[in-house]
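These are the residues of each chain, in order.
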Amino acid sequence: MSQIQEREEEGGAAVNPKRRLLGAAMGAAGAAALAAQAAYEVEQAAAAAAGAAPAPATPPADSTAKTPSSAGKTSAKSSSDDGGKSDGKGGDVRDDFRKSTPGRAPATPPFLVPLPIPEIKRPESGLSPEPDKYPVEDEAGRLPHQAWDRHRPRVFYRLRVKEEKHSFHPHLPEQKIWGYDGMLPGPTFVARYGEPILVRIENDLPRDHVGFGSPEISTHLHNGHTPSESDGFPGDYYSREKYGPTLTRAGRFKDHHYPNKLSNSADFPDTDGDPEGALGTLWYHDHRMEFTGPNVYRGLAGFYLVFDQLDTGDEKDTRPGALRLPSGVGEYDIPLLFQDKSFDSGGYLYFNQFDPEGVVGEKFLVNGKIQPYFSVARRKYRFRALNGSSLRFFQFYLVHEGVDQRFHHIANDGNLLSAPVLTDRLRLTPAERGDIVVDFSTFPLGSKVYVVNRLEHLDGRGPTGRLLTPGTQILRFDVDREPAEPDVSQVPAVLRPLRAPVVPRNTRVRKWEFDRENDLWTVNGRLFDVTKPAAVIKQGVEEVWELQGKGSWSHPIHIHFEEARILTRNGAAPPLHERGRKDVFELRPGETVRILICFEDYVGKYIMHCHNTIHEDHHMMVRFDIVP
């Protein structure tokens, strides 16, 4: 039986006794589920030994839970009682959106399925109609591509947003998700600085949509140095029939122009931007106003990786300056999308779109599968960890035979640190990324190494601050072979040199307060106004932003378009892993984080918001406009 380690994280807040009771109840429910699963497996083994036909794959549930077959039988009368959906005439809804009692999901034994590796997105030979600076036929009514003349796209992609079947776990029913190209996660883009691309994002979601979410989309490349018309602004949503308040017409698709250029061409003309600001691990996800949470929850997320002359993506690169980090996307360079999700008693994905506090999921997924395993060779691997959850914070540990292992933390929010940090933990708020390098040559063949989450998180307020022992095993690495060839990858002592942030004299200071007022999520006491900027910011002028967390809630604050440097956290220097460039800033209750930021190259509308997608959808966002 697991014990709770009675220590608070540094800076952790006191835990409300009601939350503690809830945690105990959740733990008891988990233990009951494990006991039921164990009994089920014994029963299955006995049946197999006796030569009997095996029982159905769904483990036993309590007598009050509905089976997958009965869960779909709802009527117009019963739909108001159990939250189910009907056609309004007493008929049944589509099977893929059957609804039963939340919080009583079937047991899902871990490590039954291998970790899926998202496929690499391949370019198109051409697009029809041919893309242009201005919107073309059937395209949603966007503004002209402002970087088109200087960074005309050389590579073209077609990305379809559509509904497809997906299996989260063998003990859950196959069900429909929304995915980029119908996959969860979506395909991985592999890009290079200096090679502009265009992605045509087609909305093929069903018009007869049933369940949570909205079939209009607006895709955000988080956190690309992207012109505003391609940023995925929340009001830029579209479908064939509808369009948002910041577009001029509906459309079958929308063309996104990604210049893949460095920030600040004005001060660094020779390199078309500052090499210090090169990004590596980005991701793309839906950002439809008021529906980001459910749309991402249904599957709309994928990776976008960018390489440059330093982080070249080739561990055999002998050119001066090449870092030679573990390479080969999908081979030794592995994207990992961590999420938590809830399922109902029938095993179907559950999301309460109307709860302003959100739901903490009871199942842990990596790349769309519940607690998978991954076979590795005895060599170094680069893992690009992304917290794609709606609201859960993670604190990961690498554990072998009950002992925490150390690894190198090399990047935060897609930005390489100036030097690797040798550590035994990785903390990620929603939308944060952390690149780490693990050397499996230190483990003998046959070893099983686990990614374990120990951070207690009971409800929408944020983590309690307690670390659980032993925690939850989320991903298992099986060290099952020697490398096919010698490992020549490395983790150099210097990664991407960064200048110390210097605040110029008379720098403007803006204060942003993130609070809850009258059960509404606000920024500076106001709700999001999609049509009006709360701030007009001069392009190329540095500013200090003071982010303040009010009340008893944690907020991961994300700023679109540019990274920033943390000056202080509660008046003190930030920890080592936060001293690089960042785009997500954790605000614990009562915290103040001061950052230095400057918006370069492009103008237009952008946003800052809490990346707890529940808070975001309930208008904890603020629009700011960049002007020349």
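Everything numeric in this text was worked out from a predicted model, so none of it was measured. (Residues numbered from 1 in each chain as written. Predicted model: local features only at pLDDT ≥ 70, side-chain atom pairs only at ≥ 80, totals over all residues. Heavy atoms only, no water.)

Quick word on the overall build of the chain
Then, number 1: Summing up its helical and strand segments, the chain has 5 helices and 34 strands in all.
Then, number 2: Counting every position in the chain, which comprises 628 residues, the buried fraction comes to 58%. (Helix = DSSP H or I, 4+ residues; strand = E, 2+ residues; numbered from the N terminus. Buried < 20%, exposed > 50% of the residue type's maximum accessible area, 1.4 Å probe, protein only.)

Overview of the packing of aromatic side chains
Then, number 1: In total, this model carries 32 aromatic pairs according to the counting rule given.
Then, number 2: When the centroid spacing of 5.1 Å and the interplanar angle of 70° are considered together, the rings of Tyr-157 and Phe-189 count as edge-to-face. Linking Tyr-157 in strand E2 (residues 155-166) with Phe-189 in strand E4 (residues 189-192), this pair joins segments that are 32 residues apart in sequence. Across this residue pair, the class does not change: Tyr-157 and Phe-189 are buried.
Then, number 3: Ring geometry for Phe-212 versus Tyr-297: centroids 6.1 Å apart, planes at 70°, classification edge-to-face. Highlighted residues: Phe-212 in the loop between strand E5 (197-203) and strand E6 (219-222) and Tyr-297 in helix H4 (residues 292-297), separated in sequence by 85 residues. Tyr-297 matches Phe-212 in its accessibility class, with the two residues each being buried.
Then, number 4: Here the guanidinium or amino end of Arg-200 rests over the ring plane of Phe-253, the centre of that ring lying 4.1 Å away.
Then, number 5: Between Arg-298 and the ring centre of Trp-178, over which it is positioned, the NZ or CZ distance is 4.1 Å. (Phe/Tyr/Trp six-rings, centres within 6.5 Å; stacked < 30°, edge-to-face > 60°. Lys NZ or Arg CZ within 6 Å of the ring centre and 35° of its normal.)

Details of the environment of Asp-583
Then, number 1: Residue placement: Asp-583 occurs in the loop between strand E30 (581-582) and strand E31 (584-587).
Then, number 2: Spatially, the C-alpha atom of Asp-583 lies 8.1 Å from that of Glu-432, the residues being 151 residues apart in sequence.

Quick word on the environment of Gly-361
Then, number 1: When you line up the elements, Gly-361 lands in the loop between strand E11 (349-350) and strand E12 (363-366).
Then, number 2: Judged by relative accessible area, which is 2%, Gly-361 ranks as buried.
Then, number 3: C-alpha separation for the pair Gly-361 and Asp-459, spaced 98 residues apart in sequence, amounts to 9.5 Å.
Then, number 4: Residue contacts for Gly-361: discarding those within four places in its chain leaves Asp-340, Lys-341, Ser-342 and Arg-392. (Contact = heavy atoms within 4.5 Å.)

Points about unusual backbone geometry
Then, number 1: Note that the residue after Leu-184, namely Pro-185, is joined by a cis bond; omega there is -5°.
Then, number 2: Of note, Pro-185 is situated in the loop between strand E3 (175-180) and E4.
Then, number 3: With omega at 10°, the peptide bond leading from Thr-469 into Pro-470 counts as cis.
Then, number 4: Among the structural elements, Pro-470 can be located in strand E23 (residues 466-481).
Then, number 5: Phi at Arg-324 takes a positive value of approximately 60°, unusual for a residue other than glycine.
Then, number 6: Along the chain, the position of Arg-324 falls in the loop between strand E9 (301-307) and strand E10 (333-343).
Then, number 7: The class of Arg-324 is partly exposed, set by a relative accessible area of 24%.
Then, number 8: Backbone geometry places Asn-518, a non-glycine residue, at a positive phi of 55°.

Comments concerning the pattern of salt bridges
Then, number 1: Inspection of the entire model under this criterion finds 53 salt bridges.
Then, number 2: For Lys-121, the salt bridge is made with Asp-181, and the minimal N-O distance between the two is 2.6 Å. Placement of Lys-121 in the loop between helix H3 (79-82) and E2 and of Asp-181 in the loop between E3 and E4 is noted, with a sequence separation of 60 residues between them. For the pair Lys-121 and Asp-181, a shared accessibility class is recorded, and that class is buried. (Salt bridge = Lys/Arg side-chain N within 4 Å of Asp/Glu carboxyl O.)

Let's talk about the side chain of Lys-162
Then, number 1: Following the sequence through the fold, Lys-162 ends up in strand E2.
Then, number 2: When residues no more than four places from it in sequence are discounted, the contact partners of Lys-162 are Ile-177, Trp-178, Gly-179, Asp-181, Gly-182, Asp-204 and Leu-205.

Considering the side chain of Arg-565
Then, number 1: Take Arg-565: it is sitting in strand E29 (residues 564-569).
Then, number 2: Residues within four places of Arg-565 in sequence aside, it is in contact with Glu-276, Leu-498, Arg-499, Ala-500, Pro-501, Arg-579, Gly-580, Arg-581, Arg-594, Ile-595 and Leu-596.

Observations regarding the sheet that holds strand E32 (residues 592-597)
Then, number 1: In spatial order, the strands read E25-E24-E27-E32-E29-E30; together these 6 strands make up an open sheet with mixed pairing. For this open sheet the edge positions go to strand E25 (520-523) and E30, each flanked by a neighbour on one side alone.
Then, number 2: In the sheet, strand E27 (residues 543-549) pairs with E32 via 6 bridges, with the strands oriented antiparallel. Looking across to E32, one finds that Leu-547 is bridged to Val-593. (Pairing = 2+ DSSP bridges.)

Examining the environment of Asp-515
Then, number 1: With respect to the secondary-structure elements, Asp-515 resides in strand E24 (residues 508-517).
Then, number 2: Ignoring sequence-local partners within four residues, the contact set of Asp-515 consists of Leu-520, Trp-521, Thr-522, Lys-550, Gly-551 and Met-620.

Focus: the sheet that holds E6
Then, number 1: Read across the open sheet, the 4 strands follow the order E4-E9-E8-E6; overall the sheet is mixed. Two strands lie at the open edges of the sheet, namely E4 and E6, each paired on one side alone. The mean angle between the axes of side-by-side strands here comes to 25°, regardless of whether they run parallel or antiparallel.
Then, number 2: Where strand E8 (residues 281-286) and E9 come together, 5 bridges link them in antiparallel fashion. When the bridges of E9 are listed, Leu-282 appears paired with Tyr-304. (Axes fitted to C-alpha atoms, helices over the stretch in contact; angles between N-to-C directions.)

Side note on the pairing of strand E15 (residues 380-387)
When a strand is regular, its side chains alternate between the sheet's two faces.
Then, number 1: Summarising burial for E15: 8 of the 8 residues are buried, a large majority.
Then, number 2: As judged from the 6 bridges shared by E10 and E15, these two strands associate in the parallel manner. Directly across from Ile-334, in E15, lies its bridge partner Phe-383.
Then, number 3: The sheet contact formed by E15 and strand E21 (residues 433-439) spans 7 bridges and is antiparallel.

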